[in-house]
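So the chains spell out like this:
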Amino acid sequence: MTDKSDPKTQSAALDYHEFPRPGKLEVRATKPLANSRDLTRAYSPGVADACMEIAKDPTTATRFTSKGNLVAVVSNGSAVLGLGNIGAQAAKPVMEGKAVLFKKFANIDCFDLEVNQTDPEKLAEIVCSLEPTFGAVNLEDIKAPDCFIVEDICRERMNIPVFHDDQHGTAIVVGAAATNALRVAKKKFEDIKVVSTGGGAAGIACLDMLIKLGVKPENIWLCDLHGLVYEGREEDMNPRKSTFARKTDLRNLDDVIEGADLFLGLSGANVLTPQMVKRMAARPIIFALANPLPEIMPDAAREVAPDAIIATGRSDYPNQVNNVLCFPFIFRGALDVGATDINDEMKIACIEAMASLARTTTIAETAAVYKGEQLAFGPDYLIPKPFDPRLTGIIATAVAKAAMESGVATRPIADLDAYKQQLDSTVFRSALLMRPVFEAAAKAHRRVVFAEGENEQVLRTASAMLDETTTVPILIGRPEVVAVRLEQAGLSIKPGVDFELVNPEHDSRYRAYWENYHQIMARRGVAPELARTIMRTNTTAIAAIMVRRGEADSMICGTVGQFSWHLRYVNEILQEGALAPVAALSMMILQDGPLFISDTQVNHQPTPEQIAETVMGCARHIRRFGIEPKIALCSHSQFGNLDNDSGGRMRAALEILDSKAPDFTYEGEMNLDAALDPSIRERLLPESRLTGSANALVFANTDAASAVRNILKMRGDGLEVGPVLMGMGNRAHVVTPSISARGLLNMAALAGTPVAHYG
């Protein structure tokens, strides 16, 4: 909820919902409807064929309709957030928001359904009648005990998953947080005393889950607004709450908090006092989850128990217990195997996957979203962050596997590894295209040296390389700086164990390095003293010397500084024989596929010979990704209609290529629109050797190439892989400071691929 005392915050929230168009959702068609042929297929008469197939076999509805990826978010508005019973219509912004989260985090389509029905049995009847439309149902913000009744009826009668997120989503995230909190506190579920406040749907579900995880029922004490739930109490009781009634003379929270290992709060502000915390067990675990104000503020709890392990429902404190960590991914796995239910096995699989993910090293993509936060497993990092892109693949795969093993999957997945890779490719857009490169790199054992080894992006890339490749990372950096930055980033990798660290200020090979460099540069104005200085201060030059001496197979530099500055030292030290920088190639991953662009960096105004070399290099590199090249030579001139400089150079390059008779498709010179739109090209040059849209664009100068690359990246949602430095036999790559974390890992995989793989 927004802060009611801040009119600006309220206004911003309302504007967000109203502009530029009301609401947070729209419906878009997934099939073309551009002509009469499309119309006959989408509607009459073609639609009848799909209808009859489903009539013959109802399971084919997931083949011919959107049902298999469609969830209903259903509420009657009787218990909305902390707002209470505000009614179905007032609940609509929340349900729309839930649908947005489904789409954002798991690419699941949703309809939000706000139902004016307070009778739980009638509400259940309405939900059950919707089964033909949806692949699953998410019940939301329905008060207790009505929510139990609705879910029980729906689960019994429906053959699709029905999941009340307020109950089970909260219970799953609490279960994962508790699993890791106990690991930190060195305690076990079966040994702990649990005291809980809040006898609503979420509270009861959390206690049920804790029992499934090993907590003994006799060690649970439940309190609500009226005090302790005890045997014989009649006020505000229901069958679910009665399960936790204790036979005792104790009557309130203060009576039962003594020696508690875990406090679980799903109630209201300031319920737990510092004096109560003092009386809890050593290293207490406090889950104060009431929103917006928790049962106790973390600072107040730590004043009396500095070793307390604390989680809240707030985003401004560590360990936010947020259902978005669970529901999109558990539904993703359930839908993909056609589960008929979301059972306990699937929920526990979700808990184990989530808890395990928090114990792994945080990847750079997550760190970039939560910049400045410590994301290393421990008291302040018990569960993953919602924007950790690994959640989809890890949790959905675990859930799908559990559904199959527990017998509720109607469409089992044969290859779970391939399924996880497919899920990863939806969040890491480069994953699918980079797979051939990673597979080739996995079969090699190459050493890649990073010139900017103190850079956090590089440190994270080195950590990821150990998980995803067999390439050995070598980092150049000062040991004390690297140690501090590893700690700040929460990375567990260690120099000398997981990677080699070269200290530019003190290395036993220093003399050999500067002498090698001086030997290369002695007649190019570099005196011995300058050579010594460069080998102490210039990490790009050091990396290049290491590659030249065979101490590394490839180098990556450029995360800091100008491309041309780095390229100078690559040229000076590594250019020899046939090895020379030809051009820089960038693969831009767009919504409709990859588009390769060159030369973005190396030759500002290339000659025809350099253009032809660039085209040949592009073809070799494009095939590394399992793609057949279709290369357009781009110019302001179009098939000879202008006698300008770029057109002339492109025509001359075309002649050179024709004389070589290469085994790939190329065409030019042409405008960019003709390269990408075959209908334009058909009108201008019907006999063009290029068919369809070009997948690679070679430009006559770096200004044009770099401009197109940057426009696609900044305005076209393009994800860049590269730039790849062609012509250097994979011995050196110069990236740019704008490279993403995933992009740097991709470049490491490219550098870790043997040169023979270039074709």
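Scroll up a little and you will see the structure.
Residues numbered from 1 in each chain as written. Predicted model: local features only at pLDDT ≥ 70, side-chain atom pairs only at ≥ 80, totals over all residues. Heavy atoms only, no water.

## A short note on the nonpolar core
Link 1 in the chain: Residues V137, L210, F287, I330, F331, M346 and M354 are the most contacted members of the largest nonpolar core, which totals 104 residues.
Link 2 in the chain: Counting residues per element, this core draws most heavily on helix α8 (residues 165-185), at eleven residues.
Link 3 in the chain: In terms of nonpolar packing, the next biggest core, distinct from the first, is built from 57 residues, V615, I622, V721 and L745 among them. (Core = buried A, V, L, I, M, F, W, Y, C linked by side-chain atoms within 4.5 Å. Buried < 20%, exposed > 50% of the residue type's maximum accessible area, 1.4 Å probe, protein only. Helix = DSSP H or I, 4+ residues; strand = E, 2+ residues; numbered from the N terminus.)

## Observations concerning the sheet that holds strand β14 (residues 554-557)
Link 1 in the chain: Reading across the sheet, the five strands line up as β13-β12-β11-β14-β21 and stay open at both edges, with parallel pairing between neighbours. Each of the sheet's edge strands pairs with one partner strand only, and the pair in question is β13 (500-502) and β21 (732-734). Adjacent strand axes in the sheet meet at a mean angle of 20° when their direction is disregarded.
Link 2 in the chain: Running over the sheet, helix α24 (residues 539-548) touches β11 (447-450), β12 (472-476), β13 and β14 and is turned about 170° from β14. (Pairing = 2+ DSSP bridges. Axes fitted to C-alpha atoms, helices over the stretch in contact; angles between N-to-C directions. Contact = heavy atoms within 4.5 Å.)

## Some details on the sheet that holds strand β3 (residues 136-139)
Pairing between sheet strands relies on hydrogen bonds along the backbone, with the strands arranged either parallel or antiparallel.
Link 1 in the chain: The parallel open sheet is built from four strands, whose spatial order is β2-β1-β3-β4. Each edge of the open sheet carries a strand with a single partner, namely β2 (109-114) and β4 (162-164). For this sheet, the mean angle separating the axes of adjacent strands, direction not counted, is 20°.
Link 2 in the chain: α8 contacts β3 and β4 of the sheet and is inclined by roughly 75° relative to β4.

## Observations regarding helix α6 (residues 120-128)
Link 1 in the chain: Inspection of α6 places P120, L123, A124, V127 and C128 among the buried residues, and these make up the whole buried set. Seen along its axis, α6 keeps its buried residues to an arc of 135°; they face one direction.
Link 2 in the chain: Where α6 is buried, its residues contact β1 (70-75), β3 and α7 (146-157).
Link 3 in the chain: The N-cap of α6, judged by a side-chain oxygen 2.9 Å from the amide nitrogen of E121 a few residues on, is D119. (Arc of directions from axis to C-beta. Polar contact = N/O pair within 3.5 Å; in protein donor to acceptor, adjacent residues only side chain to side chain.)

## Describing a nonpolar patch on the surface
Link 1 in the chain: Judged by side-chain polarity, L33, L39 and Y43 come together as a nonpolar surface patch covering roughly 370 Å² of accessible area.
Link 2 in the chain: For L33, the position within the fold is in the loop between α1 (7-18) and α2 (36-42).
Link 3 in the chain: Relative accessible area serves as the criterion here: at 58%, L33 is assigned to the exposed category. (Patch = residues over 30% accessible without salt bridge, like charges linked within 9 Å, V, L, I, M, F, W, Y side chains within 5 Å. Areas by Shrake-Rupley, 256 points an atom, 1.4 Å probe, with all protein chains shown as cover. Salt bridge = Lys/Arg side-chain N within 4 Å of Asp/Glu carboxyl O.)

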